[in-house]
Amino acid sequence: MVGKYVTETILADAEGIARAAQVLRDGGLVAVPTETVHGLAARADSDEAVARIYEAKGRPSFNPLIVHVRDMDQARELAEFGEEATQLASEHWPGPLTIVLPRRGKAALADAVSAGLATVALRCPAHPVMRAVLAQCDFPLAAPSANRSGFISPTTTAHVLASLDGRIDAVLDGGPCEAGVESTIVAVRDDGRLDVLRPGPIEMGALSSDGNIEAPGQLASHYAPGKPVRLNATEVAPDDFMIGFGAMSGDCTLSASGSLKEAAARLYACLHEGARSGKPRIAVAPIPDEGIGIAINDRLRRAATPPD
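Structure report, in brief. (Residues numbered from 1 in each chain as written. Predicted model: local features only at pLDDT ≥ 70, side-chain atom pairs only at ≥ 80, totals over all residues. Heavy atoms only, no water.)

**Section: the sheet that holds strand β12 (residues 240–244)**
Strand pairs in the sheet, formed through backbone hydrogen bonds, run parallel or antiparallel to each other. An order of β11-β14-β12-β13 is seen for the four strands of this open sheet, with the pairing classed as parallel. Sheet topology places β11 (229–230) and β13 (252–253) at the edges, where each strand pairs with a single neighbour. Of the pairings in the sheet, the one linking β11 to strand β14 (residues 281–284) comprises two bridges and is parallel in character. Pairing of Arg230 across the sheet is with Ala283, part of β14. (Pairing = 2+ DSSP bridges. Helix = DSSP H or I, 4+ residues; strand = E, 2+ residues; numbered from the N terminus.)

Rendered as structure tokens:
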């Protein structure tokens, strides 16, 4: 919470999960690991708690939040599920897929989670810590990435504290996140058509958004390390912090073996390291634009785009 001097770090054991759930019931903010990145959780049915997310992150009010649910029954209380959405959920939940759907008129959700839209973004996460927290809460959790808005997403407790220490109540320490990039986001339209709003760990095709902000991670400038980022670098200048891939090594390497899965898991850790380095610029080796490499390149392009 803004104004606190210390954010409590809680071990993600049974006692710690119970403690985190109580903080959430009381309207507090807790950073929780998921299979993608750490999420900054608050009860999604509370206007005050959701407002604290926006305040702690410095997040624009037009940028909606993802609501995390424990199962399909809870999801159906919040959104309208047609045949296509039901099929998507049955194939990919629990997991790193967020589905944007028409919000139910009587859904017990704070208005701010949808940022004025008639839709809501829902995800049923797979990470055992986040699932254990959801199991102890009788409400869904709004949980964007646990970092200051526009900056590098967190995949470790240290990343969370580097950005939000003193601004949130607690962080659950459950180890590093596995996937390393945020969930794939898909909007299901009234005619059953699927639009990919953000690429991620689940391959759903190319981006198909019309440019309007309908879900998190769509801002042109995002995931920024606070210094210039040069992409597809094949040469290194003396003042570059080089992020390597495959045969091209660097100060930090995404994957020496050329594994895109490993590169995704290490992406934000390398960007954090580059941000902390004394070098004024970051250069990134070429990443194949295939599979999860599409999501990696999406995040890198946004990290390299200067803010307005």
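**Focus: the nonpolar core**
Ranked by internal contacts, the top residues of the largest apolar core, which has 41 residues, are Val67, Phe81, Trp93 and Leu122. Residue assignment for this core shows that the elements contributing at least two residues are β3 (38–43), α2 (47–57), α4 (83–92), β5 (97–102), β6 (119–123), α6 (157–164) and β9 (184–188). Tallying contributions element by element places α2 first for this core, with five residues. Setting aside residues up to four positions removed in sequence, Leu122 forms contacts with Val67, Val69, Ala75, Leu78, Ala79, Phe81, Trp93, Leu97, Thr98 and Ile99. Ile152, Leu254, Leu271 and Ala295 belong to the second-largest nonpolar core, a separate cluster that totals 29 residues. (Core = buried A, V, L, I, M, F, W, Y, C linked by side-chain atoms within 4.5 Å. Buried < 20%, exposed > 50% of the residue type's maximum accessible area, 1.4 Å probe, protein only. Contact = heavy atoms within 4.5 Å.)

**Thoughts on the packing of aromatic side chains**
On inspection of all chains with the given rule, the structure shows two aromatic pairs. Above the plane of the ring of Phe139 lies Arg43, whose end atom (NZ or CZ) is 3.9 Å from the centre. (Phe/Tyr/Trp six-rings, centres within 6.5 Å; stacked < 30°, edge-to-face > 60°. Lys NZ or Arg CZ within 6 Å of the ring centre and 35° of its normal.)

**Considering the environment of Ala187**
Positionally, Ala187 belongs in strand β9. The class of Ala187 is buried, set by a relative accessible area of 1%. With 86 residues separating them along the chain, Ala187 and Leu101 place their C-alpha atoms 6.4 Å apart. Those residues within four positions of Ala187 in sequence are excluded, and the remaining contacts are Val100, Arg193, Leu194, Asp195 and Leu197.

**Comments concerning the packing of helix α7 (residues 260–276) against helix α8 (residues 293–304)**
At their nearest, the axes of α7 and α8 sit 9 Å apart, and the two run at 25° to each other. Here α8 runs roughly parallel to α7, going by the angle between their axes. Considering how the two elements wind past one another, α7 and α8 form a crossing that is left-handed. Residues Leu260, Ala263, Ala264, Leu267 and Tyr268 of α7 touch α8, and the partners they reach there are Gly293, Ile296, Arg299 and Leu300. For the contact of α7 with α8, the per-class residue count stands at seven nonpolar, one polar and one charged. (Axes fitted to C-alpha atoms, helices over the stretch in contact; angles between N-to-C directions. Parallel < 35°, antiparallel > 145°, perpendicular 65-115°, else oblique. Left-handed = near helix turned anticlockwise from the far one by under 90°. Nonpolar A, V, L, I, M, F, W, Y, C, P; charged D, E, K, R; others polar.)

**Section: α2**
Within α2, the full set of buried residues consists of Ala49, Val50, Ile53, Tyr54, Ala56 and Lys57. Looking one or two residues past α2, Gly58 carries a phi angle of roughly 65°, positive in sign.

**Quick notes on helix α1 (residues 14–25)**
Over its 12 residues, α1 runs 17 Å from end to end, which matches the ideal 16 Å to within 8%, given 1.5 Å per residue. Those residues of α1 that fall on the buried side of the exposure criterion are Gly16, Ile17, Ala20, Ala21, Val23 and Leu24. Seen from one end, α1 has its buried residues packed into an arc of 160°, which puts them on one side. Facing away from the buried side of α1, by more than 90 degrees, are the exposed residues Ala14 and Glu15. In this structure, the buried side of α1 is in contact with β1 (8–11), β2 (30–33), β3, α5 (128–135), β7 (141–142) and β8 (170–173). Backbone geometry just after α1 places Gly27 at a positive phi near 90°. (Expected span 1.5 Å × (residues − 1). Arc of directions from axis to C-beta.)

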